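So you can see what is in the structure, the chains are spelled out below.
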Amino acid sequence: MKEMSMHWEKFSHDAINLRIEEALRQNIDLHKEPVLGIPGTYLDQEEFYEDAPFLQDAPFLRTLIANPNHIGCHTLSNDHLSYFRGTQKLEVDLIKICAEQIFGGEPGQQDGYVTPGGTEANIQAMWIYRNYFMREKQAKPHEIAVIFSQDSHYSMPKGVNLLGLPSRILKVKDANRQLEMEDLELALTELQAQGVKHFIFILNLSTTMFGSVDDIEAVTELLKKREVDFKLHIDAAFGGFIYPFTNPESKFSFRNPDITSITIDAHKMLQTPYGTGIFLIRKNWMEYVCTDEAQYIPGKDYTLCGSRSGANAISVWMILRTHGSDGWRVKMQMLNDRTSRLCNKLNELGIRYFRDPHINIIAIRSSHISTQLAEKYHLVADTYEHEASWYKIVVMPHVRQGILDQFINELKAEQAVIV
């Protein structure tokens with residue numbers, strides 16, 4: 001698989017402001033139009049007054065106050081709520097950047113939308129594939145199983161519970177957090193013996209706790225060898241906006257025919273407001289969750305959430321356009337380099353940890369760090385139900401080098417006392 005070439009144009013602040021201003025002009029103006037039939041409205045005028053002077057140079061806040069509803073999936077040709085067509089076009093541009101430039105999809109061959117978060121995006125994928133197997137393969141729910149690892153996000157068991165599907169959680173190796181392939185073999189054998197005929201696999205492009213990346217080639221090779229009927233979703237909620245930029249040889253893209261859908265979260269690495277997950281999927285799959293009952297909505301609805309804030313989609317578009325592909329690559333590589341520098345210091349101290357070399361997460365064995373130091377630096381434990389085995393550091397933009405140096409000095413002092 002050849003290295004992907006990513007490029008999207010960087011816009012100046014003034015250019016972004018003008019584009020959003022034009023988009024809002026194309027939306028309906030509830031202050032001026034004789035609107036009688038739309039239940040949504042502008043925000044409370046006592047608190048969110050639209051003539052505040054600072055709004056002229058704050059395009060996101062201006063969009064937030066305009067309150068556009070982006071219900072539906074606007075990459076579908078028939079899915080348009082014309083009242084908000086201006087800002088919806090910017091969301092389409094955002095989805096194209098993510099699907100085609102970041103994840104190597106063919107032009108116009110992916111659908112997607114900005115979700116309230118990665119949880120919905122993951123459940124959206126499971127919902128689509130369940131309905132596909134039921135409609136196209138006449139499968140019963142008990143004949144469709146969802147498989148994911150013990151390090152996967154809690155949205156997986158949540159989705160399984162909501163959709164009424166059997167599932168299997170795969171073990172991972174303690175040292176490198178990779179799937180136990182023997183456990184996968186056993187899971188397939190046992191589930192097939194129980195009557196399961198179709199599988200929804202969810203692999204991780206950076207788990208929440210460890211930043212681990214599942215071995216996609218090993219898994220798909222085994223599934224094909226066993227002639228398993230499967231659909232593959234990638235949970236890249238954390239890694240989606242960094243891994244493609246730090247690992248040019250990534251196998252996690254739409255250029256990989258085994259991948260049908262991908263989740264990414266803009267409110268993690270991209271630093272957008274919360275409520276900005278992104279769901280991406282190949283063409284001709286969203287139809288399996290079309291809500292035919294929503295006949296009063298032009299274009300109908302294909303999403304779990306229904307009505308959603310257009311301002312959130314605009315915030316993601318703004319940040320991607322502010323940096324451009326080159327600027328974003330530099331920013332992600334800088335964070336990755338800072339993470340590597342911290343790992344080098346840990347190596348010098350003989351600290352045991354796990355870290356994928358392309359991700360800015362480090363999980364340190366709890367035996368190397370005191371509870372007091374972990375609490376001082378707000379490290380995240382792998383569990384709060386009993387004694388922690390790991391503590392997590394995430395090297396984000398707010399994590400300055402001086403803070404990391406200070407942490408290492410205090411960790412070194414603790415190690416000296418232990419010795």
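Going by the structure above, here's the rest.
My aim in this report is to walk through the structure given alongside it, one point at a time.

1. Some points on the packing of helix H1 (residues 13–26) against helix H3 (residues 85–102)
Link 1 in the chain: Interhelical geometry of H1 versus H3 gives an angle of 130° and a closest axis separation of 5 Å. Judged by the inter-axis angle, H1 sits oblique to H3. For the pair H1 and H3, the contacting residues are Arg19, Ile20, Ala23, Leu24 and Gln26 in the first and Arg85, Gly86, Thr87, Lys89 and Leu90 in the second.
Link 2 in the chain: Here the residues of the contact of H1 with H3 are counted per class, giving 4 nonpolar, 3 polar and 3 charged.

2. Re the sheet that holds strand S5 (residues 229–236)
Link 1 in the chain: Pairing within the open sheet is mixed, and its 7 strands lie in the order S1-S7-S6-S5-S4-S2-S3. The open sheet has two edge strands, strand S1 (110–115) and strand S3 (167–170), and neither has a second partner. On average, each strand axis in the sheet is tilted by 20° relative to the strand beside it, whichever way the strands run.
Link 2 in the chain: Bridge count between S5 and strand S6 (residues 259–265): 5 bridges; the pairing is parallel. Within the sheet, the bridge partner assigned to Ile234 lies in S6 and is Ile262.
Link 3 in the chain: Across the sheet, helix H4 (residues 118–136) touches S1, strand S2 (144–149), strand S4 (198–204), S5, S6 and strand S7 (277–282), and the angle it forms with S5 is around 170°.

3. A look at the side chain of Thr303
Link 1 in the chain: You can see Thr303 is positioned in the loop between S7 and helix H9 (310–349).
Link 2 in the chain: Judged by its relative accessible area of 4%, Thr303 is buried.
Link 3 in the chain: Side-chain polar atoms of Thr303 contact the side chain of Asp301, separated by 3.0 Å.
Link 4 in the chain: One polar contact links the side chain of Thr303 to the main-chain amide nitrogen of Gly306, over a distance of 3.0 Å.

4. What about the pattern of salt bridges?
Link 1 in the chain: As enumerated under the stated definition, the model contains 19 salt bridges in all.
Link 2 in the chain: Residue Arg226 pairs with Glu185 through a salt bridge whose shortest N-O separation is 2.8 Å. One end of the pair, Arg226, is in the loop between helix H7 (216–225) and S5; the other, Glu185, is in helix H6 (residues 181–193), with 41 residues separating them in the sequence.
Link 3 in the chain: Of the residues examined, Glu185 reaches a relative accessible area of 32% and is grouped as partly exposed.
Link 4 in the chain: With its nearest N and O atoms 2.9 Å apart, the salt bridge here joins Lys224 to Asp258. Of this pair, Lys224 sits in helix H7 while Asp258 sits in the loop between helix H8 (243–246) and S6; the two residues are 34 residues apart in sequence, bridging distant segments of the chain.
Link 5 in the chain: Overall, the relative accessible area of 47% leaves Lys224 in the partly exposed class.

5. Topic: a nonpolar patch on the surface
Link 1 in the chain: Together, Phe54, Leu61 and Leu64 make up a nonpolar patch on the protein surface, roughly 260 Å² of accessible area in all.
Link 2 in the chain: With respect to the helices, strands and loops of the structure, Leu61 is situated in helix H2 (residues 59–66).

6. Side note on the sheet that holds strand S8 (residues 353–354)
Link 1 in the chain: The strand order across the open sheet built from 4 strands is S8-S9-S11-S10, with neighbouring strands paired in antiparallel fashion. Each edge of the sheet is formed by a strand with only one pairing partner; in this case those strands are S8 and strand S10 (380–381).
Link 2 in the chain: When strand S9 (residues 361–365) meets strand S11 (residues 390–394), the two strands line up antiparallel, connected through 5 bridges. Of the residues in S11, the one forming a bridge with Ile362 is Ile393.
Link 3 in the chain: Relative to S9, H9 is tilted by about 20°, and along the sheet it contacts S8, S9 and S11.

7. A short note on the packing of aromatic side chains
Link 1 in the chain: Enumeration according to the criterion identifies 14 aromatic pairs in this entry.
Link 2 in the chain: The interplanar angle of 70° and the centroid separation of 6.0 Å between the aromatic rings of Phe11 and Trp317 together place this pair among those described as edge-to-face. Of this pair, Phe11 sits in the segment before H1 while Trp317 sits in helix H9; the two residues are 306 residues apart in sequence, bridging distant segments of the chain.
Link 3 in the chain: Given the relative accessible area of 0%, Trp317 is considered buried.
Link 4 in the chain: On the numbers, 5.1 Å between centres and 55° between planes, the contact of Tyr132 with Phe133 is tilted.
Link 5 in the chain: Judged by relative accessible area, Tyr132 falls into the buried class, the value being 13%.
Link 6 in the chain: Linked through ring pairs, Tyr129, Tyr132, Phe133, Trp285 and Tyr288 together constitute an aromatic cluster.
Link 7 in the chain: Directly above the ring of Phe210 sits Arg177, whose terminal nitrogen or CZ lies 3.9 Å from the centroid.
Link 8 in the chain: The residue whose ring lies beneath Arg321 is Phe11, and the NZ or CZ to ring-centre distance is 4.4 Å.

8. Some words on the nonpolar core
Link 1 in the chain: With 90 residues, the main nonpolar core has Phe199, Phe201, Ile234, Phe241, Ile278, Leu280 and Phe407 as its most contacted residues.
Link 2 in the chain: Considering every element that reaches this core, the biggest residue donor is H9, with 13 residues.
Link 3 in the chain: Apart from the residues within four sequence positions on either side, Phe241 is in contact with Cys98, Ile102, Ile264, Asp265, Ala266, Met269, Leu270, Ile278, Leu320, Trp328 and Met332.
Link 4 in the chain: One finds Ala121, Ile123, Tyr129 and Phe148 within the second-largest nonpolar core, a separate group that totals 29 residues.

Criteria and thresholds
- Every chain is numbered on its own, with residues counted from 1 as its sequence reads.
- Local features in a predicted model are, by the rule used here, given only for residues with pLDDT of at least 70; side-chain atom pairs are given and counted only at 80 or more, and totals for whole chains, interfaces and linings are based on all residues.
- Derived side-chain values reflect all non-hydrogen atoms in the structure, with water molecules and hydrogen atoms excluded from consideration.
- Angles run from 0 to 180 degrees between N-to-C directions of axes, and those axes are lines fitted to C-alpha atoms, restricted for helices to the stretch in contact.
- The helix count covers DSSP runs of H or I at least four residues long, the strand count covers runs of E at least two residues long, and both are numbered beginning at the N terminus.
- Roughly parallel refers to an angle under 35 degrees, roughly antiparallel to one over 145, roughly perpendicular to one between 65 and 115, and oblique to any angle outside these ranges.
- Contacts are residue-level and defined by heavy atoms, with any inter-residue pair within 4.5 Å sufficient.
- Put simply, Ala, Val, Leu, Ile, Met, Phe, Trp, Tyr, Cys and Pro go in the nonpolar bin, Asp, Glu, Lys and Arg in the charged bin, and everything else, Gly too, in the polar bin.
- Only strands that DSSP links by at least two bridges are regarded as paired with each other.
- Whether a residue is buried, partly exposed or exposed follows from its accessible area with a 1.4 Å probe, protein chains only, as a fraction of its type maximum: under 20%, in between, or over 50%, in that order.
- For this analysis, a polar contact is any N or O atom pair within 3.5 Å, provided that within protein one partner can donate a hydrogen and the other can accept it, and provided that sequence-adjacent residues contribute only side-chain to side-chain pairs.
- The term salt bridge refers to a pairing of a side-chain nitrogen on Lys or Arg with a carboxyl oxygen on Asp or Glu at a separation within 4 Å.
- Note that patches include only residues with greater than 30% relative accessible area and no salt bridge, and the join distances are 9 Å for like charges and 5 Å for nonpolar side chains (Val, Leu, Ile, Met, Phe, Trp, Tyr).
- Under the convention used here, a 1.4 Å probe and the Shrake-Rupley method define accessible areas, while residue burial counts only the protein chains that appear.
- For this analysis, a ring pair means two rings from Phe, Tyr or Trp (six-membered ring only for Trp) whose centres lie within 6.5 Å, classed as stacked if their planes differ by under 30 degrees, edge-to-face if by over 60, and tilted for the remaining angles.
- Definition used: whenever NZ (Lys) or CZ (Arg) falls within 6 Å of the ring centre and also within 35 degrees of the ring normal, the charge is taken to sit over that ring.
- Take the buried Ala, Val, Leu, Ile, Met, Phe, Trp, Tyr and Cys residues and link them wherever side-chain atoms come within 4.5 Å; each set so joined is a nonpolar core.

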